[in-house]
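Close look at the chain arrangement
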Amino acid sequence: MVVYNFVDVSRKESSSSAYVHKIYRLLSLTIMTTIHRTDLIQVTGRQGGSTVLSLTFTGADSLGDVFRRVRTSAPSGSGVLAVSLRNRTQGWTQMHNLVFRDSPSAAAQPCRGKSFSYPSLF
């Protein structure tokens, strides 16, 4: 599904190039971020300045599908992974920072029957 943002063209802008840039940004935010199952997706992950993940695949329907694929393919450990996501079929690129945490060991899990919750920040 493609959503178009319509802009009031009756208003005059001080610079025609600034006006064209605003229209381009509005259209690029809504059109360029769609992912279809047949799109060729290329993902590169960098951690600590070195490339630790490089994937090229098809079959993702959404950004969530891509992130799940990155999570299962990423090396174990915790930290920030800078992900470059490129849709080679449509020609757009996005950058994302993903934070991974190690899953706690069984010894760190709360005992059965005890209620355990993190304190609320709000």
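These remarks concern the structure in this document. (Residues numbered from 1 in each chain as written. Predicted model: local features only at pLDDT ≥ 70, side-chain atom pairs only at ≥ 80, totals over all residues. Heavy atoms only, no water.)

1. Points about the nonpolar core
- Within the largest apolar cluster, 16 residues are counted, with the highest numbers of intra-cluster contacts made by Ile41, Val43, Phe57, Val66, Val70 and Leu81.
- Of all elements in the fold, only β1 (41-47), β2 (50-57), α2 (63-73), β3 (79-87) and β4 (92-100) reach the threshold of two or more residues within this core.
- Apart from the residues lying within four places of it in its own chain, the contact partners of Phe57 are Asp39, Leu40, Ile41, Val43, Val66 and Arg69. (Core = buried A, V, L, I, M, F, W, Y, C linked by side-chain atoms within 4.5 Å. Buried < 20%, exposed > 50% of the residue type's maximum accessible area, 1.4 Å probe, protein only. Helix = DSSP H or I, 4+ residues; strand = E, 2+ residues; numbered from the N terminus. Contact = heavy atoms within 4.5 Å.)

2. Some remarks on the sheet that holds β4
- Strand order in the open sheet formed by four strands is β2-β1-β3-β4, with antiparallel pairing between adjacent strands. Pairing within the sheet leaves two strands with one partner each, and these edge strands are β2 and β4. The sheet shows a mean angle of 20° between the axes of neighbouring strands, direction not considered.
- Direction of pairing for β3 relative to β4: antiparallel, over a ladder of nine bridges. Paired with Leu85 across the two strands is Gln94, which belongs to β4.
- Strands in contact with α2 are β1, β2, β3 and β4; relative to β4, the strand with the most contacts, it is inclined by about 50°. (Pairing = 2+ DSSP bridges. Axes fitted to C-alpha atoms, helices over the stretch in contact; angles between N-to-C directions.)

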